[in-house]
Amino acid sequence: MQFQGTVFISLIAVFVSACSTAPSNPNTPIVLEQHKNIAVEPETQHNIARLIKQNDNCLIEFTGNFETGKATEYWFFQGEQLVSAHSNLDADVEEKQTVFDIQDSTKQSNFNALKNHFNAQNLQQCEHF
């Protein structure tokens, strides 16, 4: 009888842990890859770049810390196509958002430089939605 109780409790524990690790929302963004302290211009301290797959696109989120504050860039894309990009500046002197001109060759170059830090296999997951 003691053995049956132990087996029953074990099965319940397995069932509860399996349910608690299952994703609750299939539309939740997924971080595919992350890198810290990549070489970028202008130079930042303690930066982080994350490749995130969302429901209908992918996103490279880059956050760099400067002496005066923090800047976060958001690069939204599908496959090779940059869809939109902007940055948020949270600094001692000001807070502002800047929308990037995605047709600008410098912005395209910055986007491709960031993309080059990520594994090609992970980037492939951004090909089709």
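In the block above lies the structure referred to throughout.
A few points on the structure. Computed from a predicted model, the values in this text were never measured in an experiment. In this convention, every chain numbers its residues from 1, walking through the sequence in written order. pLDDT decides what is reported in this predicted model: residues at 70 or higher carry local features, side-chain atom pairs at 80 or more are listed and counted, and totals for whole chains, interfaces and linings draw on all residues regardless. Computation of side-chain values covers all heavy atoms of the structure but excludes hydrogens and water.

The geometry of an aromatic ring pair is captured by the separation of the ring centres together with the interplanar angle, meaning the angle of the planes. Working definition: rings of Phe, Tyr and Trp (its six-membered ring) pair if their centres are within 6.5 Å, and the pair is stacked with planes under 30 degrees apart, edge-to-face with planes over 60 apart, and tilted otherwise. Inspection of every chain in the model, using the stated rule, returns 3 aromatic pairs. On the numbers, 5.2 Å between centres and 40° between planes, the contact of Trp75 with Phe100 is tilted. Remark: Phe100 occurs in the loop between strand S6 (95-99) and helix H2 (105-115) and Trp75 occurs in strand S4 (residues 69-78); sequence separation between them is 25 residues. Three or more aromatic residues link up through ring pairs in this structure, and these residues are Trp75, Phe77, Phe100 and Phe111. Directly above the aromatic system of Phe100 lies the positively charged group of Lys107, at a separation of 4.4 Å from the ring centroid. In this text, helices come from DSSP runs of H or I with a minimum length of four residues, and strands from runs of E with a minimum of two, each type numbered from the N-terminal end. A positively charged side chain is recorded as over a ring if its NZ (Lys) or CZ (Arg) lies within 6 Å of the ring centre. The angle to the ring normal must also be within 35 degrees.

For the rest of this paragraph, the subject is H2. With a 1.4 Å probe rolled over the protein chains alone, any residue whose accessible area is under 20% of its type maximum counts as buried; one over 50% counts as exposed, and the rest are partly exposed. Within H2 the residues assigned to the buried category are Phe111, Leu114 and Lys115. Looking straight down H2, one finds its buried side chains confined to an arc of 100°; they lie on one side. Two residues qualify as a contact provided that any one of their heavy atoms is within 4.5 Å of a heavy atom in the partner residue. Buried residues along H2 sit against strand S3 (58-66), S4, strand S5 (81-91) and helix H3 (120-124). Taking the backbone nitrogen of Thr106 as reference, a side-chain oxygen 2.9 Å away marks Asp104 as the first, capping residue of H2. Working note: the arc is built from the helix axis to C-beta atom directions. N or O atoms within 3.5 Å of each other form a polar contact, as long as, within protein, one can give a hydrogen and the other can take it, and as long as residues adjacent in sequence are counted only when both atoms are side-chain atoms.

Right, let's get into unusual backbone geometry. With the exception of glycine, most residues fall at negative phi, and the peptide bonds are largely trans. A positive phi angle, near 55°, is found at Asn37, a position not held by glycine. Within the fold, Asn37 resides in the loop between strand S1 (30-36) and strand S2 (45-53).

In a beta sheet, neighbouring strands are held together by backbone hydrogen bonds and run either parallel or antiparallel to one another. A sheet is described by the order of its strands in space; here 6 strands give the open sequence S1-S2-S3-S4-S5-S6, paired in antiparallel fashion. The sheet is open, and its two borders are formed by S1 and S6, each paired with just one other strand. Strand-to-strand twist in this sheet, taken as the mean axis angle between neighbours without regard to direction, amounts to 15°. The rule for pairing is simple: two strands pair if DSSP sees at least two bridges between them. Strand direction decides the pairing type here: S1 and S2, joined by 6 bridges, are antiparallel. In this analysis, axes come from line fits to C-alpha atoms, helices being fitted only over the stretch in contact, and the angle between any two N-to-C directions falls in the range 0 to 180 degrees.

What follows concerns the state of the cysteines. A pair of cysteine sulfur atoms is labelled a disulfide when the two atoms are within 2.5 Å. Tallying each qualifying case throughout the model produces 1 disulfide. The disulfide that involves Cys58 links it to Cys126, with 2.0 Å between the sulfurs. Every disulfide takes its handedness from the sign of the S-S torsion; for Cys58 and Cys126 that torsion is -90°, giving left-handed. Placement of the pair is Cys58 in strand S3 and Cys126 in the segment after H3, with a sequence separation of 68 residues. What makes Cys126 buried here is its relative accessible area of 0%.

The residue His86 is located in strand S5 in this model. Separated by 3.4 Å, the side chains of His86 and Gln97 make a polar contact. When sequence neighbours within four positions are dropped, the list of residues in contact with His86 reads Thr72, Glu73, Tyr74, Phe76, Gln97, Thr98, Val99 and Phe100.

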